[in-house]
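Architecture and fold: a report
Here is what each chain is made of, one letter per residue.
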Amino acid sequence: MGAVYLVRHGQASFGAADYDALSDAGLEQARVLGEALRTRVPEVDAVFTGTLKRHAQTAEGCLSSMGLSLVPQRLAGFDEFDHEEIIARFEPRFADHARMVEAISTAPDPRRAFQEMFTQAVARWTAGGHDAEYTEPWSSFQARCLGALEELTRRLGSSKTAIVFTSGGPITAICRELLQIPVSHAFRLNWTLANCGITKVIYSERGRYLSTLNEHGHFEGSRRALITYR
């Protein structure tokens, strides 16, 4: 039986000019994750990432800490959904990022205000009633993510181990399918996914199964300040 460890990237730079770059906390999360995986997963056959900077930076920091020299293979199927388009379709005036930041910043709790707005925007996207408005509707996004997992296991072959550095959206789409969660509830799972948390999928000729979800014990105790969700 093979194993695929799906790792959500480290904390990105929320509110910065380049959101896709890891924050200082994200870089530290990647390093600590590598320490945990060094003993937990001593033999790794392949490493995969999406094409985003935060995926590559998380992989680099984690693999360095693990002492692995494997070169990651990039699979665009593991990229995140376009959150900017999803927000703009929900609230057209927020197609201007600066305007959104200005509006959110006036709220008593800007992070909470953004999350509440984003939750509504994602609910609209996943509901399926406005698919023609999106470049990649939810159904297409989920098919892409499942296709990436299929491609990965095909490349790996049987009884192999891989680490995938990806985002919360692909992990949600894969887990939703494996657990058969209603689409309307899928993002209840997504909002709980910790940065550099680990979700393990096992596979064989009989199918794919969720083994563990969102493990982040490597950040608990004295390192609990490293538990973040964005």
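What counts, and at which threshold
Residues numbered from 1 in each chain as written. Predicted model: local features only at pLDDT ≥ 70, side-chain atom pairs only at ≥ 80, totals over all residues. Heavy atoms only, no water. Helix = DSSP H or I, 4+ residues; strand = E, 2+ residues; numbered from the N terminus. Expected span 1.5 Å × (residues − 1). Buried < 20%, exposed > 50% of the residue type's maximum accessible area, 1.4 Å probe, protein only. Contact = heavy atoms within 4.5 Å. Pairing = 2+ DSSP bridges. Arc of directions from axis to C-beta. Core = buried A, V, L, I, M, F, W, Y, C linked by side-chain atoms within 4.5 Å. Salt bridge = Lys/Arg side-chain N within 4 Å of Asp/Glu carboxyl O.

With 17 residues, helix α1 (residues 24-40) extends 25 Å between its outermost C-alpha atoms, agreeing within 8% with the 24 Å of an ideal straight helix rising 1.5 Å per residue. What α1 keeps buried is the set Gly26, Gln29, Ala30, Val32, Leu33, Gly34 and Leu37. For α1, the elements touching its buried residues are β1 (2-8), α2 (53-66), β4 (161-166) and β5 (198-204).

Moving on, we come to the sheet that holds strand β6 (residues 207-215). Ordered in space as β3-β2-β4-β1-β5-β6, the six strands form an open sheet in which the pairing is mixed. Where the open sheet ends on each side, the last strands, each with one partner, are β3 (73-74) and β6. Pairing of β5 with β6 involves six bridges; the strand directions are antiparallel. Bridged to Lys200 within β6 is Thr212.

A few words on helix α6 (residues 138-156). Every α-helix winds through 3.6 residues per turn, so residues three or four apart in the chain are directed the same way. The terminal C-alpha atoms of α6, which comprises 19 residues, lie 27 Å apart, in line with the 27 Å expected from a rise of 1.5 Å per residue. Taken as a whole, α6 has its buried residues at Trp138, Phe141, Gln142, Cys145, Ala148, Leu149, Leu152, Thr153 and Leu156. Buried residues along α6 cover an arc of 130 degrees about the axis, so they all sit on one side. Trailing α6 by a residue or two, Gly157 shows a phi angle of about 85 degrees, which is positive.

Okay, the nonpolar core next. Formed by 40 residues in total, the largest nonpolar core has its most connected members in Val4, Leu6, Phe78, Trp125 and Leu152. Residues Val7, Leu37, Leu63 and Ile163 belong to the second largest nonpolar core, which totals 19 residues.

On to unusual backbone geometry, then. The phi angle at Ser159 is positive, at roughly 55 degrees, despite the residue not being glycine. Position of Ser159 relative to the elements: it lies in the loop between α6 and β4. Even without being a glycine, Cys196 presents a positive backbone phi close to 60 degrees.

Its location among the elements puts Glu80 in the loop between β3 and α3 (83-90). Ignoring sequence-local partners within four residues, the contact set of Glu80 consists of Leu52, Arg54, His55, Phe141, Arg144, Ser167, Gly168, Gly169 and Pro170.

For Thr58, the position within the fold is in helix α2. Excluding its chain neighbours within four sequence positions, the residues that come into contact with Thr58 are His9, Gly10, Leu22, Ala30, Phe165 and Cys196.

Now for the pairing of β5. Most of β5 sits inside the fold, with six of its seven residues counted as buried. Judged from the six bridges that link them, β1 and β5 form a sheet pairing that is antiparallel. Note on β5: the bridge partner recorded for Ala3 is Ile202.

A few words now on the pattern of salt bridges. Under the counting rule described, the total for this entry stands at 14 salt bridges. Of the charged contacts in the structure, one is a salt bridge between Arg31 and Glu35, with a shortest N-O distance of 2.5 Å. Pair noted here: Arg31 and Glu35 are both in helix α1, with a separation of four residues, about one helical turn. When the shortest N-O distance is used, the salt bridge between Glu177 and Arg176 registers 3.2 Å. When salt bridges that share partners are traced, they join Glu28, Arg31, Glu35 and Arg223 into one network.

Nothing here speaks to function; it is geometry throughout.
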